[in-house]
Amino acid sequence: MRHAKSDYPDGVADHDRPLAARGVREAGLAGDWLRAHVPAIDRVLCSSATRTRQTLDRTQIDAPVTYSERLYGATTGTMIDEINQVDDGVCTLLVVGHEPTVSSVALGLAEPDRSDRAVAERISTKFPTSGIAVLWVPDGWAHLELNGAELATFHVPR
């Protein structure tokens, strides 16, 4: 999931930018959608940035959370490495991060023959704030690598 729409207050460092009013509303809608369409979330990895933390809070997802400095400004490899550290006992993982990494990871993990091509096209065109890409991971988090998942759906709560 990409964080919800953020604000740009004067004098506030990028890492510390809060959500805008629209972001607060859309993060709540994202939480509603997740609860209705995704199996219960067992674990969350979240960037340490204020806007990602506030996004997660507004979703009202109740799962253990790891806040990671590494996910702020992460490369695709760094985000996958963070995911690889998740215990394989976790069935459903939510990762809350930033663009362009979130879309790069979703597209990079998507094995072309098992993934929805229309979904991949939508993500490659634009991954808006609050966007959620859902991937199915067959072999556990420690073994996840590029082309190792099925891209199933993409939703932008509005």
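One structure accompanies this document, and this report is about it.

In total, this model carries 10 salt bridges according to the counting rule given. In this structure, Glu26 and Arg22 form a salt bridge, with 3.3 Å as the shortest nitrogen-oxygen distance. Taken together, the positions of Glu26 and Arg22, both in helix α1 (residues 21-37) and four residues apart, correspond to about one turn of that helix. Under the relative-accessibility criterion, Arg22 is labelled partly exposed at 39%. Each member of the salt-bridge network shares a partner with another, and the members are Arg22, Arg25, Glu26 and Arg158.

The next point concerns helix α4 (residues 101-109). An α-helix turns once every 3.6 residues. As a result, residues three or four positions apart point the same way. The element α4 is extensively covered by neighbouring structure, given that seven of its nine residues are classed as buried. Among all positions in α4, only Thr101, Val102, Ser103, Val105, Ala106, Gly108 and Leu109 are buried. Buried residues belonging to α4 abut α3 (76-84), α5 (117-125) and β4 (132-136).

The next subject is the packing of α4 against α5. It is at 10 Å that the axes of α4 and α5 come closest, and there the two elements cross at 155°. As far as their axial angle goes, α5 and α4 are roughly antiparallel. Of the two elements, α4 crosses α5, and the hand of that crossing is left-handed. Touching Ser103, Ala106 and Leu107 of α4 are Ala120, Ile123 and Ser124, all from α5. Tallied by class, the residues present in the contact of α4 with α5 amount to four nonpolar, two polar and no charged.

So, on to the sheet that holds strand β2 (residues 65-68). Strand order in this open sheet of three strands is β2-β1-β3, and the pairing throughout is parallel. What marks the edges here is a single partner per strand, and that holds for β2 and β3 (93-96). Pairwise comparison of adjacent strand axes, ignoring direction, gives a mean angle of 15° for this sheet. Pairing between strand β1 (residues 43-47) and β3: four bridges, direction parallel.

Attention shifts here to the packing of aromatic side chains. Within the structure shown, the criterion is met by one aromatic pair. Taking the ring centre of Tyr67 as reference, the NZ or CZ of Arg53 above it sits at 3.9 Å.

Here the amide bond leading from Glu99 into Pro100 is cis, since omega sits at 10°, within 30 degrees of zero. By the element assignment, Pro100 lies in the loop between β3 and α4. Here Gln60, not a glycine, exhibits a phi torsion of approximately 60°, which is positive. When you line up the elements, Gln60 lands in the loop between α2 (50-59) and β2. For Ser130, which is not a glycine, the phi torsion comes out positive at approximately 70°. With respect to the element layout, Ser130 can be found in the loop between α5 and β4.

The rules behind each value
- Numbers given for residues are sequential positions, taken from 1 along each chain in its written order.
- Where totals are concerned, whole chains, interfaces and linings use all residues; where local detail is concerned, this predicted model gives features only for residues with pLDDT of at least 70, and gives and counts side-chain atom pairs only at 80 or more.
- Each side-chain value is derived from all of the structure's non-hydrogen atoms; neither hydrogens nor water enter the calculation.
- A pair is scored as a salt bridge if a Lys or Arg side-chain nitrogen falls within 4 Å of a carboxyl oxygen belonging to Asp or Glu.
- Only runs of H or I of at least four residues qualify as helices and only runs of E of at least two qualify as strands under DSSP, and these elements are numbered from the N terminus.
- Type-normalised accessible area, obtained with a 1.4 Å probe on protein chains alone, sets the label of each residue: buried when under 20%, exposed when over 50%, and partly exposed for intermediate values.
- By definition in these notes, contact holds between two residues if any of their heavy atoms fall within 4.5 Å.
- All axes are obtained by fitting lines to C-alpha atoms, using only the stretch in contact for helices, and the reported angles, taken between N-to-C directions, cover 0 to 180 degrees.
- Convention used here: angles under 35 degrees read as roughly parallel, angles over 145 as roughly antiparallel, angles from 65 to 115 as roughly perpendicular, and any remaining angle as oblique.
- Rotating anticlockwise by less than a right angle from the far helix to the near helix defines a left-handed crossing, while the corresponding clockwise rotation defines a right-handed one.
- Under the scheme applied here, ten amino acids are nonpolar (Ala, Val, Leu, Ile, Met, Phe, Trp, Tyr, Cys and Pro), four are charged (Asp, Glu, Lys and Arg), and all others, including Gly, are polar.
- Two strands pair under a simple rule: DSSP has to find at least two bridges between them.
- Aromatic rings from Phe, Tyr and Trp, taking only the six-membered ring of Trp, are treated as a pair when their centres fall within 6.5 Å; an angle between ring planes under 30 degrees marks them as stacked, one over 60 as edge-to-face, and anything in between as tilted.
- Our definition puts a charge over a ring when NZ of Lys or CZ of Arg is within 6 Å of the ring centre and also within 35 degrees of the ring normal.

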